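# Examining the three-dimensional arrangement
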Amino acid sequence: MIKKVKLHEIVKIAGRVGWKGYTVEDLRDEGPWVIGANDITSDNRLDLSKAKHISREKYEESPEIKIDLNDILIVKVGSTIGKVAIVNREIGEACINPNSVILKNCKINPSYLYYYLISSAGKSFLRNNSSASAQSALNQMTLKEMLIDIVDENTQVNISSILNNLNSKIELNNRINAELEAMAKMIYDYWFVQFDFPFDFAQGKPDKNGKPYKSSGGKMVWSEELKREIPQGWEVNKMEDWIECKKSGDWGKEVPDGNSTLKVTCFRGADINGLNGLTELKPPIRYILEKNSFKILNAHDIIIEISGGSPTQSTGRLAYITDSTIKRFDTPLICSNFCKPISLKNPKLLYNFVYYWNSLYDNGIFFGYEGKTSGIKNLLFDSFVSSYYTVVPEQSIVNEFYDFMENIQNKKQTALAENQKLTELRDWLLPMLMNGQVKVNEIEHA
């Protein structure tokens, strides 16, 4: 039997009261975490990889917003209002920042409450009850009155267990992919940044069983364009020499309209992290003109975000398409007009291009190649690629790295495809379990 209770009857809700003039001056390089909207993923997970720290004085000042195990965090301000995360592991000393509220001392199963808050009923309340001021905000008094559907304690535990099992498998796949990516990045750095690729000095050529080239005395030559030494025999050219640009983005139509009948999956800038396996991926279905089918993405194509960004995030984020990516979707793939699709003249340079481009992005290089139209930042792509130089490795070591990365990619894409199915199953089950249309024992005996 489902019973309705008000949120404040089952948790203690706390926010920024007592912060007493919190500013960025209170942030530190180490110390207790201070967690906010940027530390909660779009699929409602806690991600502390870029979390900030706060002074101990500020941390101790407001004990009511210190974070404990099983607390639930809700973003209450801004464009990501309504994002929710549960603290389901020990994270050490931490508190929330002013854009969030914290739910503590939960009197029902905290995982059940978390899943209720991210269900369609919960999300609808959180997103539709914010104030319409200059910046949307969820009032704590409104939050207190939120009605929660609760079931008996055993059913709460059983529902949570089913959904936790699905989430655990998704998180395991994400951890495996993160480890694969870290290994791939390490190999790239050794071979193409430190120039310690394996080299057989007796035969005078790269060999997977050889010694590290540079640290073993491999000959280096000076590059005037790059202002650094590079391995003998490697070339230097402009990035535009790597690229072919024969496609463009297309936002198409929301529904079939006139001659716009070709059904496609359209990637936006917002989908780039999902394509890279960092968040859930839910690109929209669109309809484009049949004559624009040349815009359909193929394996080895690269998508670059050329419009968007923010004051602290440049344009230039990148994702790439593989055969495994294409197999994950039922329709052809394109990208929106805010992204630029490119192909490489030498497809086997795909992973070298990706890691080099990402290193430029991580170092903020693209901030220097941006213009503005109507308040939106645009990457000056042609200006950048026609003026920026890069090293071109010897082809056999490129081939070796490509084969290594293809194996890594196949494993990552298999995990992402499984996550896609698990996410769809979880999202289908979530509202059905919460409203009683599907019973726990029906799943256990399925």
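Above this text sits the structure in question.
Structure report, in brief. (Residues numbered from 1 in each chain as written. Predicted model: local features only at pLDDT ≥ 70, side-chain atom pairs only at ≥ 80, totals over all residues. Heavy atoms only, no water.)

Attention shifts here to empty space enclosed by the protein. The rolling of a water-molecule-sized probe over the atoms marks out the regions of remaining empty space. In total, this model carries 1 cavity of 30 Å³ or more according to the counting rule given. What the largest cavity holds in volume is close to 40 Å³. What lines the largest cavity is simply Asp43, Arg45, Asn167, Ile170, Glu171, Glu280 and Arg426. When the residues that make up the lining of the largest cavity are grouped by side-chain class, the tally is 1 nonpolar, 1 polar and 5 charged. (1 Å grid on protein atoms, 1.4 Å probe; cavity = no way out; pocket = protein on both sides within 12 Å on 5 of 7 lines; lining within 4 Å. Points joined across faces, edges and corners; volume = space filled by probe spheres on them. Nonpolar A, V, L, I, M, F, W, Y, C, P; charged D, E, K, R; others polar.)

Below, the discussion takes up the sheet that holds strand β20 (residues 285-289). Within the open sheet, the 3 strands sit side by side as β20-β19-β24. Their pairing is mixed. The strands lining the two open edges of the sheet, one partner per strand, are β20 and β24 (333-335). The average angle at which neighbouring strand axes cross in this sheet is 60°, direction not considered. Relative to β24, strand β19 (residues 260-267) runs parallel, the two sharing 3 bridges. Along β24, the bridge assignment pairs threonine 265 with leucine 333. (Pairing = 2+ DSSP bridges. Helix = DSSP H or I, 4+ residues; strand = E, 2+ residues; numbered from the N terminus. Axes fitted to C-alpha atoms, helices over the stretch in contact; angles between N-to-C directions.)

Core analysis: the biggest nonpolar cluster contains 44 residues, and Ile302, Ile304, Phe353, Trp357 and Phe401 have the highest contact counts within it. Looking at this core, the elements with two or more residues in it are α5 (153-193), β21 (302-305), β23 (318-320), β25 (339-344), α8 (350-362), α9 (381-385), β28 (389-392) and α10 (395-434). Looking at this core element by element, the count peaks at 9 residues for α8. For isoleucine 304, the contacting residues outside a window of four places in its chain are Gly316, Arg317, Leu318, Phe338, Cys339, Lys340, Ile342, Trp357, Leu379 and Phe381. With 41 residues, the next largest nonpolar core counts Val11, Ile74, Ile81 and Tyr112 among its residues. (Core = buried A, V, L, I, M, F, W, Y, C linked by side-chain atoms within 4.5 Å. Buried < 20%, exposed > 50% of the residue type's maximum accessible area, 1.4 Å probe, protein only. Contact = heavy atoms within 4.5 Å.)

Read from one edge to the other, the open sheet built from 3 strands follows the order β4-β3-β7, with strand pairing classed as mixed. Every interior strand has two partners, whereas the edge strands, β4 (52-54) and β7 (94-96), have only one. Across the sheet, the mean angle separating the axes of adjacent strands is 70° when strand polarity is ignored. In terms of strand pairing, strand β3 (residues 27-35) meets β7 through 3 bridges, oriented parallel. Bridge pairing links isoleucine 35 to isoleucine 96 in β7.

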